[in-house]
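Observations on the model geometry
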Amino acid sequence: MKRIASILIILSIALMGFADDVVFQANAPKQVVQGQPFQLTYTINQRAGNIEPPEFTGFDYLAGPYTSTSQSSTFVNGKFTSTYQQQYTYTLKAQKEGTFTLGPATIKVGSKQFTSNGVRLTVLPPDKDEPATTEGGNRGSQQPSQSAQATTGNGDIFLRTIVTKSRPYEQEALTLSYKLYVTGLDIRGFTEKTSIPDFTGFFKQDLDQQNIQFELEHYNNRNYQVATIYQTLLYPQHSGDIVIPSASFEAIILMPNTRRRSFFDDAYIQATKTLQAPSVTIHVNALPTGKPAGYSGGVGRFTLNASISDTTIATNDAVTLKVEIKGAGNLKLLKTPAIDWPEGFEAYDPKVNNNFKTTASGISGSKTIEYLAIARNSGTYTLPALTFAYFDTESGQYRTLRTQDYTIRVKKGAGDAASPAAVNDYTAPRQEDIKELGSDIRYIYTGELRTPRTDSSFDTFWASPRGLCLLYLLPTIIAAAIFILMLKRIRENADMTRVRYRRANKVAQKRLKQARQLMQQDRKEAFYEEIEHAAFSYLSDRLSIPTADLNKDNIADILRRKGCPENDITEVLDLLSNAEFARYAPSAGHEMNTLYDRTAELINRLENQKL
């Protein structure tokens, strides 16, 4: 009874702690189609009373709210965690196209009232009955390749090449995107048969495509699921017309099996289809003539700031001028501005620190330059202003930025002569100054060098003929041992099948560790992709099946030949199917924890078998 009472106390304390952390959130699709139902969901992480929804102005109320709850609790290593979720789902239908905002809802938890966020969504027009028309004469070039290996039925799929600027200036950034448009088809991914042009004539900066997300878009009288599958920043390096050739991608499409003859045949098959992204011509405008002094190749929008470490120093002290160029443009291609230090300063190479951020709109950030010099003579000096000129893409004109002039006063240091030497009245150093400068030199000892004598028996042995012989033989023995070990390692690595067999579990565990991190970050699509790769790569290495030949039939046949139990084979095939489906349908309600545990357990089970 005492143990039960203790557990109940712990549970009640933990639940009381969660009660203060109320999260009430609204979710809806970003785009919906006029006249088609969609769902608006409100989620709260505490037990709550009746919900008060907002006014659904511009929308037809069809049903709801449908209420669902879920709860889970764990007690691991003395730490209790509990999660609770309550959902209210409304089904609505938009009355007209446009952009709308649904206000927040309110709900009560105990005696307190909480308010959700509002949601903003775009209502697209419905598909028109007439066939899609050609836009600018390019629609035909955006159609799928005629060499596709599968018919698409009533579905449609094609690529578009989209550039943000068709008439940029030299060195002005433009973004090129290859966008996939699909309707009525199930896209499972892309093969490695991808052909991307070299973008000759451009400086290229690829953009990270971590997660490919589909959104609705109305194009040519139809609504498509659209995703950007490749995106890059381009900086034209010369004026004139630059042609970017077409690109090609091979898509994997899941289609009904029209040749299915029995219940045991697969209802769906995977087919491939080659898609062509049309070529595009960029008309690059030349920069205007009359480039100002101090022009360093900058194109964009920039600011200039400068600061100096000190304006009053002593001889042989260092002074640093720090210059920061901030803005957006071709920051990576900027030349470091030159600075003209006065005579009497010993200048060093500048230190450059770049802090850039690359997005689809271009490169932005800062370029910080530190100019360092050491004053060798006393006097008063003027450090002239540094100029930085660039081409402003918004105004279409050159702009010149300047720092201020700095007056630097250099005093005699402690080791210098008493009388100052001004720069304008500079004379040769005196004999006394030369003697003083040499005061820190340590002269070379020219006497006789002697080494202490030792009578150690250890030294006597190595000085004997036997010791000298061993000294000659020892390197040969060590080299022979290293050669034998290396030869053994080369023979082991030459057997690629054995190498892959040994590394299978190590590679799989590394991928599982990465998958666990993705699961903790709630990155579903990346998690399912990593789980699928972990399973397939492990089976490929463990069973010595080339990646190109890796499919469920080959895996099942080889496992049976190696004596794997039938229930394990069934588990392997079921896991691969679930992982593959979850990767392309991460919102279908799959449990990441369950899939992760099944994968890890199955790999450990196969590892203990002699396959």
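Below is a summary of the structure that appears in this document. (Residues numbered from 1 in each chain as written. Predicted model: local features only at pLDDT ≥ 70, side-chain atom pairs only at ≥ 80, totals over all residues. Heavy atoms only, no water.)

1. Considering the environment of Y61
Rule in force here: Only runs of H or I of at least four residues qualify as helices and only runs of E of at least two qualify as strands under DSSP, and these elements are numbered from the N terminus.
Summarising the element assignment, Y61 is placed in strand β5 (residues 59–76). Separated by 24 residues in sequence, Y61 and P37 have C-alpha atoms that sit 9.5 Å apart.

2. Considering the packing of aromatic side chains
Stated formally: Ring pairs shown here join Phe, Tyr and Trp side chains whose ring centres sit within 6.5 Å, with only the six-membered ring taken for Trp; geometry is labelled stacked below 30 degrees between planes, edge-to-face above 60, and tilted in between. Residue burial is assigned from relative accessible area. The probe radius is 1.4 Å, only protein chains are included, and a residue is buried under 20% of its type maximum, exposed over 50%, and partly exposed in between.
For the structure on display, the rule yields 26 aromatic pairs. Both rings, one in F388 and one in Y390, keep their centres 6.0 Å apart while their planes meet at 25 degrees; by these two values the pair is stacked. Y390 carries the same exposure label as F388, and that label is buried.

3. Looking at the nonpolar core
Going by this rule: Definition used in this section: a nonpolar core is a set of buried Ala, Val, Leu, Ile, Met, Phe, Trp, Tyr and Cys residues joined via side-chain atoms within 4.5 Å. By definition, residues are in contact when any of their heavy atoms lie within 4.5 Å.
Judged by nonpolar contacts, the single largest core of 34 residues is most densely connected at F527, I531, L539, I555 and V572. Mapped by element, the contributors of at least two residues to this core are α5 (496–520), α6 (524–543), α7 (552–561), α8 (566–584) and α9 (592–607). Element by element, the count of residues in this core is highest for α6, at 10 residues. Setting aside its immediate chain neighbours within four residues, L539 contacts S544, I555, V572, L576 and L606. Of all hydrophobic cores here, the second largest spans 30 residues; its members include Y235, I313, I339 and A375.

4. With respect to the pattern of salt bridges
As a reminder of what qualifies: Basic side-chain nitrogens of Lys or Arg form a salt bridge, by our definition, when they fall within 4 Å of a carboxyl oxygen of Asp or Glu.
For the coordinates displayed, the defined rule picks out 11 salt bridges. Of the charged contacts in the structure, one is a salt bridge between D156 and R222, with a shortest N-O distance of 3.9 Å. One end of the pair, D156, is in strand β11 (residues 156–163); the other, R222, is in strand β16 (residues 222–236), with 66 residues separating them in the sequence. Taking the relative accessible area as the measure of exposure, R222 reaches 23% and is therefore partly exposed. When the shortest N-O distance is used, the salt bridge between R511 and E530 registers 3.0 Å. Residue R511 is located in helix α5, and its partner E530 is located in helix α6; the two are separated by 19 residues in the primary sequence. Residue R511 is classed as partly exposed on the basis of its relative accessible area, which comes to 27%. The buried category is assigned to E530, whose relative accessible area is 14%.

5. Section: the sheet that holds strand β9 (residues 112–115)
Going by this rule: Note on pairing: two strands pair once DSSP finds at least 2 bridges between them.
Pairing in this open sheet of 3 strands is antiparallel, and the strands run β4-β8-β9 from one edge to the other. Looking at which strands have only one partner, the edges of the open sheet turn out to be β4 (51–52) and β9.

6. Thoughts on unusual backbone geometry
Phi is positive for F199, which is not a glycine, with a value near 55 degrees. Secondary-structure assignment places F199 in the loop between β13 (186–190) and β14 (202–206). Of note in the backbone geometry, N221 takes a positive phi value of approximately 70 degrees without being a glycine. If you trace the backbone, N221 turns up in the loop between β15 (215–219) and β16.

7. So, α6
Heads up, the condition is: In a helix, the anticipated span is given by 1.5 Å times the number of residues less one.
Here α6 contains 20 residues, and its C-alpha end-to-end distance of 29 Å stays within 8% of the 28 Å for a straight helix at 1.5 Å per residue. The element α6 is extensively covered by neighbouring structure, given that 16 of its 20 residues are classed as buried. Among the residues trailing α6, S544 stands out with phi positive, at a value near 55 degrees.

8. Section: the pairing of strand β10 (residues 119–124)
As defined by bridge partners, strand β2 (residues 31–33) adjoins β10 across 3 bridges and the pair is classed as parallel. Bridge pairing in β10 places V33 opposite L124. Here strand β7 (residues 98–102) pairs with β10 via 5 bridges, running antiparallel. Bridge pairing links G98 to V123 in β10.

9. Brief notes about the side chain of T368
You can see T368 is positioned in strand β26 (residues 362–375). Looking at T368, the relative accessible area reads 12%, which means it is buried. In contact with T368, other than residues within four places in its own chain, are K322, V323, E324, K351, V352 and N353.

10. Quick look at the side chain of N223
Counted only if it meets this: In protein, a polar contact means a hydrogen-donor-capable atom and an acceptor-capable atom, both N or O and within 3.5 Å, with residues adjacent in sequence counting only if both atoms are side-chain atoms; elsewhere, any N or O pair within 3.5 Å suffices.
Following the sequence through the fold, N223 ends up in strand β16. Of the polar contacts made by the side chain of N223, one reaches the side chain of H218; its length is 3.0 Å. For N223, the residues in contact, after removing those within four places along its chain, are V33, L124, P125, P126, D127, T183, L216, E217 and H218.

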